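Here is how the chains run, residue by residue.
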Amino acid sequence: MRGLDHREVETIRGKVLLPSGDAEEMCISYTSTILKISRTCGEAEEMPRKTLIVPGGIDIHTHVRGAQLSYKETIETASAEAAYGGVTAFFDMPNTIPKIDSPSRVDDRLREFEGRSLIDYGIYSGVPRSVEHVEAIENKPVAGFKIYPEDLEEENSDVIQRVYRSSKLKILHSESPKALAVQRSIRVASTWMELAPLYMARGRIHVTHITSYTAILRALSQGFTTDVTPHHLLLDTESGCMDKVNPPFRGPVERSLLWKALDKVSCVASDHAPHTLKEKMQPYDHCPPGIAAVSFTVPFIYTLAYRGIISFRRALELVSLNPARILGLDGVGVLKPGYRANITIIKFDEWRYMTRFSKTVHTPLNGFRLSATVYRTIVGGETVFSEGDIHGRYPGVNMLDRASR
Ligand SMILES: [Zn+2]
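A. Quick look at the nonpolar core. Formed by 105 residues in total, the largest nonpolar core has its most connected members in I119 and I301. Per-element tally for this core: the top contributor is helix α13 (residues 312-327), with 9 residues. A domain split of this core shows at least three residues from each of domain 1 (10-53 + 336-404) and domain 2 (56-327). What I301 contacts, discounting residues up to four positions off in sequence, is V268, A315, L318 and V319.

B. Just the sheet that holds strand β6 (residues 57-62), in detail. Strand order in the open sheet formed by 8 strands is β6-β7-β8-β9-β10-β11-β12-β13, with parallel pairing between adjacent strands. At either end of the open sheet lies a strand with only one pairing partner, and these are β6 and β13 (267-268). Sheet analysis places strand β9 (residues 144-147) next to strand β10 (residues 169-173), joined by 4 bridges and oriented parallel. Residue pairing for β10: G144 is matched across the bridge by L169.

C. Representation of the domain arrangement of the protein chain in the model. When cut into domains, the protein chain gives domain 1 (10-53 + 336-404) and domain 2 (56-327). The centre of domain 1, based on its C-alpha atoms, is set 24 Å off from the matching centre of domain 2. Each partner contributes residues to the interface: domain 1 has 37 residues there, and domain 2 has 53 residues. For the side of domain 1 that touches domain 2, the secondary-structure elements that each account for two or more residues are β14 (343-352), β15 (369-379) and β16 (382-386). A total of 7 residues in the side of domain 1 that touches domain 2 trace back to one element, the largest contributor, which is β15.

D. Fine view of the packing of helix α7 (residues 192-200) against helix α8 (residues 213-221). Running from N to C, α7 and α8 cross one another at 10 degrees; their axes reach a closest spacing of 9 Å. Classified by the angle between their axes, α7 and α8 sit roughly parallel to one another. Side by side, α7 and α8 meet where E194, L195 and L198 of the first sit next to T214, A215, R218 and A219 of the second. Looking at the contact of α7 with α8 residue by residue, the classes come out as 4 nonpolar, 1 polar and 2 charged.

Cut-offs and rules
- Within every chain, residues take consecutive numbers counted from 1 along the sequence as written.
- In keeping with the predicted nature of the model, local features appear solely for residues at pLDDT of at least 70, side-chain atom pairs appear and are counted solely at 80 or more, and the whole-chain, interface and lining totals rest on all residues.
- Here, a nonpolar core means buried Ala, Val, Leu, Ile, Met, Phe, Trp, Tyr and Cys residues linked by C-beta atoms lying within 7 Å of one another.
- Residue burial is a threshold on neighbouring C-beta atoms within 10 Å of the residue's own C-beta, all placed from the backbone, with 20 or more meaning buried, 12 or fewer meaning exposed, and counts in between meaning partly exposed.
- Helix and strand assignments follow DSSP, with helices taken as H or I runs no shorter than four residues and strands as E runs no shorter than two, numbered in order from the N terminus.
- Where each domain starts and ends follows an automatic or database-derived domain assignment.
- Each residue is represented by a C-beta atom placed from its backbone, and any two residues with such atoms within 7 Å are regarded as in contact.
- Two strands pair if DSSP finds at least two bridges between them.
- To get an axis, a line is fitted to the C-alpha atoms, and for a helix only the part in contact is used. The angle between two axes follows their N-to-C directions and goes from 0 to 180 degrees.
- An angle below 35 degrees is read as roughly parallel, one above 145 as roughly antiparallel, one from 65 to 115 as roughly perpendicular, and any other as oblique.
- Side-chain classes are defined by residue name, with Ala, Val, Leu, Ile, Met, Phe, Trp, Tyr, Cys and Pro counting as nonpolar, Asp, Glu, Lys and Arg as charged, and the others, Gly among them, as polar.

Written out as structure tokens, the structure reads:
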């Protein structure tokens, strides 16, 4: 933990979702770390009725923007939106401007995050241009490498082969580079193009925003982990720029199979990808793909648990425990003494989802009916969101930097 912890001990009492998946009336005492979880305690802040204390959400795939893309979103606005959605750690993709693909750009990006994030974070590097750069980045506190379809154009290059051999996590956007070149309507029907890169990939691979059932089975058979996004579970087709996204929606049949696979995928990720309204108002062929809803995932998954579609144990696996395991993070992902006090308090209430703090106000998920909302979000023992308001002094730390936790 960060230096000497002078924070006063706080204690909350309420229904707690334990690692077993059982919910029991308990007290949690914490500073920046969870100190004790017990059935009885002295003075404690009582949580309201119909709330559930759960481990903080971990989003393995987000585009936080910032730097030259700050007009779309900043670390401050993205982390506020995430806190509002019960996410206590998010992991940022490297397709910023400039692209994060060299040791010095990794350092710059990590410096940019320092003191600006309300929640904990980590960054991925893109595929660098040389083997030497892969080796230098491997020794830095990054979550891993992101592999895009265009990186696979030279499947046999020394660099990509060296990335596959790295012990770091590789997040794979599994579409053949050919998929990007074909007409969008053809791409929609070409789920085989999602399969092709899986046969080539090896090592510690996480296949992100997977959209086809066959690809999920293939990834599992190769020992890879997978995630699915809420928007691929909920939407069938693109109606225009607002819901234009990569990979594209695959239609009602493939979407219904994704629901069938919800007990097979490792986790759920938002792929939060904000663009301005002006950019999304461009003609369809020119508008950028991406849906921004980092705050949707945790309330959505606990809505599914509340409605009995998945178990509460499965909910905590999908948004907390499994992302922590995939990223190799210890000390987060469940509520346990000695773990970092990253805690989300869910309130079961009917409401219509709306983004709140992101610069992006337009998302096809706005207006979607949910049964769970976020009452409070605690990061490293500090309340960063509570009852509708953002608080806190940017306590987020790099989760890959053990010295800062
Ligand atoms: Zn993405």
